[in-house]
Amino acid sequence: MDTIHIEFHGKSAKVPLKWLPATRGEVNTVEKTSAGLVTPLKLTTGVNTALDPTALKPEALVGADPELDLAQAGQILDPESLSAAYYDPADTARKPVSDFTQLDLVFDLDGQEKERRPHLTRKANIADVYPVKIGKRIPITQALTQFVFKQSYQIVHEDGVTMDFLFGLARELHEKQEMALLGAGAKGNQPLVMREKGSPYRGFLYGEIGAGPDKDKYKLLILLSDQELKRPAVAPA
Amino acid sequence: MKELKFNLNGKTISAGLASKVDKKSLYGYAKRIVEKDGRPLARGILRPDGHLLRRDELTTAYVDPQGTPVEAVVTEIDGKPAQLQPSSFDQESPLTPVSLTTLVGFNVTDVYPLENVTLPPGLYQTAFTYRKALQPKEAFLLVKEGEAYLLAGRMKKTAFVGLNVAYEFFDAESEPQEESEELDFSML
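Summary of the structure given here. (Residues numbered from 1 in each chain as written. Chains lettered and ligands numbered in written order. Predicted model: local features only at pLDDT ≥ 70, side-chain atom pairs only at ≥ 80, totals over all residues.)

For chain B, the helix and strand inventory stands at one helix and 16 strands. A total of 188 residues make up chain B; the buried ones form 23% of that total. Restricting to contacts in chain B with at least 6 residues of sequence separation, those with at least 24 account for 61%. (Helix = DSSP H or I, 4+ residues; strand = E, 2+ residues; numbered from the N terminus. Buried ≥ 20, exposed ≤ 12 C-beta atoms within 10 Å, placed from the backbone. Contact = placed C-beta atoms within 7 Å.)

Right under this line is the structure:
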């Protein structure tokens, strides 16, 4: 994800999309003792998985430690050599299962399952054959107080022509003090997916024209939101 | 509800912090499951010898170069012992009124509704940490008519850009746009 294909006034361009640095640097912490740096190590716990803990009687735990399998405890594992696998919890031999199906269970606000569907793997759609389209305009103050923006990127140009294109877009938004809703897909009404297997976001375009030493310069940002700024609905008593 | 205290121009202002609001609490959520022939499967960790571990059979230990820390572990920042900052509930956090557009480029990670806020509508810059932390998060109080929120997150740096370099540019067919319906935020 380093390019966006965007359309404005019937023209489109593929232009670079930049990650933004944080204004405040990361806190670089190290944990150490006098012997040196402390590092994480993957270990086996030695939990006795052949046992059903709910079937244990108190006297069994008082007299011995059946919940532990000490021969299996403390083995150091190389994270690089481990991989994820699925198994049937009812299978005591615990063999990896292949040819499984991945599903998405969708739950409503009350935690009730409302949909069961094949697992959805989203494809990035911002540098697609269909350009990202500029849709509905919203006053800046309304957008900033109505939505929770979780990610931001800056669009930049690569030559004079794309600069004119992006500058014009930024100027229009700046002069009208509006933000524009962005939409992907053939109809330009789909949420933006910034990367493969990524989450969908509503994209908003923010434009600003510089003043003083920044005269003739522009700023064009994509702000992403997947949440409105509001409280959860209160369930009726 | 826990109480937060802020300081605006030397005056102490209190507000109640309600539970965090996330996407799940507004729209529900989607959970991925794996099954075969209608039976749900569990996720485990496969070792190179073919042995499959349950997730509770694996843990992480933090050790020093000699195998295990026998003395207290010290956290350092830039070579100096790090000091934990108090929780925002244990101190007054300064408030600075800022323009609403300061929110542009602020990546929100946490949203908390605030109760009993006596500030006039606007945006106020502050810092917030629920628990003791090495560095509080950057935060804003967004006060609207009748409601207020604390937004914690990370401010990103943006820049004005001027004339530059060379690149491709082409015309595209303009398609008739459908009037979009109500914005759907339940993209699960």
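That covers the picture; the talk isn't over yet.
Before going further, it helps to examine the overall build of chain A. Helix and strand counts for chain A come out as three helices and 15 strands. Relative to a compact globule of 237 residues, whose C-alpha radius of gyration would be 18 Å, chain A shows 27 Å and is clearly more extended. Principal-axis analysis of the C-alpha atoms places the extent of chain A at approximately 80 × 55 × 45 Å. By sequence separation, contacts in chain A at least 24 residues apart represent 65% of the contacts at least 6 residues apart. (Rg over C-alpha atoms; globule rule 2.2 N^0.38 Å.)

What follows is about the sheet that holds strand β7 (residues 58-63) of chain B. Reading across the sheet, the three strands line up as β6(A)-β5(A)-β7(B) and stay open at both edges, with antiparallel pairing between neighbours. The sheet terminates laterally at β6 (76-77) of chain A together with β7 of chain B, the two strands that pair on one side only. (Pairing = 2+ DSSP bridges.)

Turning our attention to the interface of chain B and chain A. At the interface, 86 residues of chain B touch 101 residues of chain A. Among the elements that line the side of chain B that touches chain A, the one with the most residues is strand β3 (residues 29-36) of chain B, at eight residues. For the side of chain B that touches chain A, the class distribution of residues is 46 nonpolar, 17 polar and 23 charged. (Nonpolar A, V, L, I, M, F, W, Y, C, P; charged D, E, K, R; others polar.)

A few words on the pairing of strand β12 (residues 106-115) of chain B. Residue and element names in this part refer to chain B. Pairing analysis gives two bridges linking strand β2 (residues 11-17) to β12, with the strands arranged antiparallel. Counterpart to L17 in the pairing with β12 is L114. One ladder, built from eight bridges, connects β12 with strand β15 (residues 147-155); its direction is antiparallel. Bridging across to β15, D110 finds its partner in A152.

All names here are of chain A. Its 17 residues place the ends of helix α3 (residues 160-176) 24 Å apart at the C-alpha level, agreeing with the 24 Å of an ideal helix rising 1.5 Å per residue. Among the residues of α3, T162, M163, F165, L166, F167, L169, A170 and L173 are the ones counted as buried. In this structure, the buried residues of α3 make contact with β1 (3-8), β2 (11-19), β11 (147-155), β12 (178-183), β14 (200-209) and β15 (218-228). Note on α3: the residue one or two positions beyond its end, Q177, has a positive phi of about 55°. (Expected span 1.5 Å × (residues − 1).)

With that settled, consider the pairing of strand β5 (residues 39-44) of chain A. Alignment of β5(A) against β7(B), held across six bridges, turns out to be antiparallel. Each residue of the ladder has a partner; that of A:K42, found in β7(B), is B:T60. Sheet topology places β5(A) next to β6(A); two bridges connect them, and they run antiparallel. Directly across from A:L43, in β6(A), lies its bridge partner A:I76.

Moving on, we come to the nonpolar core. Among the nonpolar cores identified, the biggest contains 69 residues, and A:L166, A:L192, A:L205, B:F140, B:Y149, B:L150 and B:L151 are the most heavily contacted of them. Not counting residues up to four positions away in its chain, the partners in contact with B:L151 are B:V108, B:V111, B:A139, B:F140 and B:L142. (Core = buried A, V, L, I, M, F, W, Y, C linked by C-beta atoms within 7 Å.)

With a phi angle near 50°, A:H9 is a residue other than glycine that sits in the positive phi range. Along the chain, A:H9 falls in the loop between β1 and β2. You can call A:H9 exposed: it has 11 C-beta atoms within 10 Å. With a phi close to 50°, B:D78 is a non-glycine residue in the positive phi region. Secondary-structure assignment places B:D78 in the loop between β8 (74-77) and β9 (80-81).

Moving on, we come to the sheet that holds strand β5 (residues 42-46) of chain B. The strand order β7(A)-β5(B)-β6(B) describes an open sheet built from three strands, whose pairing is antiparallel. Where the open sheet ends on each side, the last strands, each with one partner, are β7 (83-87) of chain A together with β6 (52-53) of chain B. Pairing of β7(A) with β5(B), which is carried by five bridges, proceeds in the antiparallel orientation. Paired with A:Y87 across the two strands is B:A42, which belongs to β5(B).

Turning to the environment of A:G46, a few remarks are in order. Residue and element names in this part refer to chain A. Along the chain, G46 turns up in the loop between β5 and α1 (58-63). A tally of 18 C-beta atoms within 10 Å means that G46 is categorised as partly exposed. Between the C-alpha atom of G46 and that of P213, which follows or precedes it by 167 residues, the distance is 66 Å. In contact with G46, other than residues within four places in its own chain, are L68, D69, L70, Q72, A73 and G74.

Our focus in this paragraph is the environment of A:T92. All names here are of chain A. Considering the arrangement of structural elements, one finds T92 in the loop between β7 and β8 (101-107). What makes T92 exposed here is the crowd of 9 C-beta atoms within 10 Å. Considering only alpha carbons, one finds T92 and V106, 14 residues apart in sequence, at a separation of 30 Å.

Remember, this is a structural readout, not a statement about activity or role.
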